[in-house]
Amino acid sequence: MPLYVRDERVNQLAEQAQKILKAPTKTDAIRQALERVVEAEEQRPPLAERLEKIKQRYQGMGEVDPNFDEKAFLDEMWDDD
């Protein structure tokens, strides 16, 4: 089944992906790109597991200063993950 791209920006991205991936067609390039995104997401640990890792790092720091901004810390740790 052919793939019809009506959005010009999507078409441009498909052409760039085709060159980068050395795909024979834009359809193949889009397929490869989507497969990579899905595979990367499937290999990523679940959110609960990532949050538990951050929580353990936080708890491992010992007693917390009462003026400590927990949300800012967790936001920073999340960005490092």
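Residues numbered from 1 in each chain as written. Predicted model: local features only at pLDDT ≥ 70, side-chain atom pairs only at ≥ 80, totals over all residues. Heavy atoms only, no water.

Novice: Even after reading the chapter, I still don't get the overall build of the chain, so can you show me in this structure?
Specialist: Per the secondary structure count, the chain includes four helices and zero strands. Beginning at the N terminus, the succession of helices and strands in the chain can be written as α-α-α-α. Compactness check: the chain gives a C-alpha radius of gyration of 21 Å against a globular reference of 12 Å for 81 residues, more than 25% above the reference. A principal-axis box enclosing the C-alpha atoms of the chain has dimensions of 60 × 25 × 20 Å. Counting over 81 residues, the chain shows a buried share of 17%. Here the contacts in the chain between residues at least 6 apart in sequence split such that 27% fall between residues at least 24 apart. Carbon together with sulfur atoms contributes 53% to the accessible area of the chain, which is approximately 7,000 Å² in total. (Helix = DSSP H or I, 4+ residues; strand = E, 2+ residues; numbered from the N terminus. Rg over C-alpha atoms; globule rule 2.2 N^0.38 Å. Buried < 20%, exposed > 50% of the residue type's maximum accessible area, 1.4 Å probe, protein only. Contact = heavy atoms within 4.5 Å. Areas by Shrake-Rupley, 256 points an atom, 1.4 Å probe, with all protein chains shown as cover.)

Novice: Got a minute to help me understand the pattern of salt bridges in this structure?
Specialist: Opposite charge on two side chains makes pairing possible when the charged atoms of those side chains draw close. Under the criterion given, the structure shown has four salt bridges. As a salt-bridge pair, E15 and K26 come within 3.9 Å of each other at their nearest N and O atoms. You can see E15 sitting in helix α1 (residues 8–21) and its partner K26 sitting in helix α2 (residues 26–43), a full eleven residues away along the chain. In this structure E15 comes out as partly exposed when scored by relative accessible area, which is 36%. Residue class for K26 comes out partly exposed when judged on its relative accessible area of 29%. One connected set of salt bridges, linked through shared partners, spans D28, R31 and E35. (Salt bridge = Lys/Arg side-chain N within 4 Å of Asp/Glu carboxyl O.)

Novice: Please explain unusual backbone geometry as it appears in this structure.
Specialist: Note: most peptide bonds trans; most residues except glycine with negative phi. Within the chain, K22 stands out as a residue other than glycine whose phi angle is a positive 55°. Locating K22 in the fold gives a position in the loop between α1 and α2. Judged by relative accessible area, K22 falls into the exposed class, the value being 73%.

Novice: Got a minute to help me understand helix α3 (residues 47–59) in this structure?
Specialist: At 3.6 residues per turn, the α-helix brings residues three or four places apart onto the same side. In a regular helix each residue adds 1.5 Å, so 13 residues correspond to 18 Å; α3 covers 18 Å between its end C-alpha atoms and thus fits that length. R50, I54 and Y58 are the residues of α3 that are buried. Each buried residue of α3 sits inside an arc of 80° when the element is viewed along its axis, so together they form one side. Set apart from the buried face of α3 by more than 90 degrees, the exposed residues are A48 and Q59. (Expected span 1.5 Å × (residues − 1). Arc of directions from axis to C-beta.)

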